[in-house]
Every structure is written in C-alpha cells, then in structure tokens.
Amino acid sequence: MKERKIENKAAYFRENYPFENPPKLTDVKRCIHCEEVITVGDFKVFQDNAGMEYICCPNAPVCNGTVIDWIPVKE
Ligand SMILES: [Zn+2]
C-alpha cells in the first residue's frame, strides 16, 4: 500500500465515502482499531497494488483502520 496525496480532500471524501451522508471534515470520530479520537479531515488515502484506494485512519500506516472503522464519539 502506498499513500496518495489528495489535493482536494473535501471533494475526494464526498465522492469516495462508502455510505450515505458523509460526515463533515471537521467532525471527530473514534477509530475502533487504534482507539483514538480522530478528525475526519485528517484522513489519509492509501492505494493497493491493484489500484484500489482506501480512506484510512489518520494514524495509518501504524493503524490499519479505514473509514468503515470510525464510530461516533460518545458524549
Ligand atoms: Zn486508527
């Protein structure tokens, strides 16, 4: 997996978010892999050898969580 630099993170996130209703880039979520509270806009993008791209935890590659591993932060 190699990291891709994303110029327009807002547009990239909107177009590649795998579910309905993408969160705002300023929202915070908890990553269930590294247990850290992350800011959505700090996401990284990694590309595998087949060219597939993944929206990854800001703590990647130390953390192998991706966007689907982010859960709401409890109040
Ligand atoms: Zn993580």
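Throughout what follows, the structure given in this document is the object of discussion. Just so you know, these numbers come straight off a predicted model, no measurement behind them. (Residues numbered from 1 in each chain as written. Predicted model: local features only at pLDDT ≥ 70, side-chain atom pairs only at ≥ 80, totals over all residues. Heavy atoms only, no water.)

Observations regarding the sheet that holds strand S2 (residues 28–31)
Argument step 1. Across the sheet, which stays open at both edges, the three strands sit in the order S3-S2-S6 with antiparallel pairing between neighbours. Here the strands that pair on one side only, and so sit at the sheet edges, are strand S3 (37–39) and strand S6 (70–72). Mean inter-strand twist for the sheet, computed between neighbouring axes without regard to direction, equals 50 degrees.
Argument step 2. The sheet contact formed by S2 and S3 spans three bridges and is antiparallel. What sits directly across from Val 28, in S3, is Thr 39. (Pairing = 2+ DSSP bridges. Helix = DSSP H or I, 4+ residues; strand = E, 2+ residues; numbered from the N terminus. Axes fitted to C-alpha atoms, helices over the stretch in contact; angles between N-to-C directions.)

A closer look at the coordination of the zinc ion
Argument step 1. The protein atoms that coordinate the zinc ion are Cys 31 (SG), Cys 34 (SG), Cys 57 (SG) and Cys 63 (SG), at distances spanning 2.2 to 2.4 Å.
Argument step 2. Coordination at the zinc ion is tetrahedral, judged from the four donor atoms that bind it and the angles of 105 to 113 degrees they form at the metal.
Argument step 3. Ordering the donors of the zinc ion by residue number gives the pattern C-x2-C-x22-C-x5-C. Placement of Cys 31 in strand S2 and of Cys 63 in the loop between strand S5 (53–56) and S6 is noted, with a sequence separation of 32 residues between them. Residues Cys 31 and Cys 63 agree in their burial class; the two are buried. (Donors = N, O, S within 2.8 Å, 3.2 Å for Na, K, Ca; no water. Tetrahedral: all angles 85-135°; square planar, octahedral: opposite > 155°, others 65-115°. Buried < 20%, exposed > 50% of the residue type's maximum accessible area, 1.4 Å probe, protein only.)

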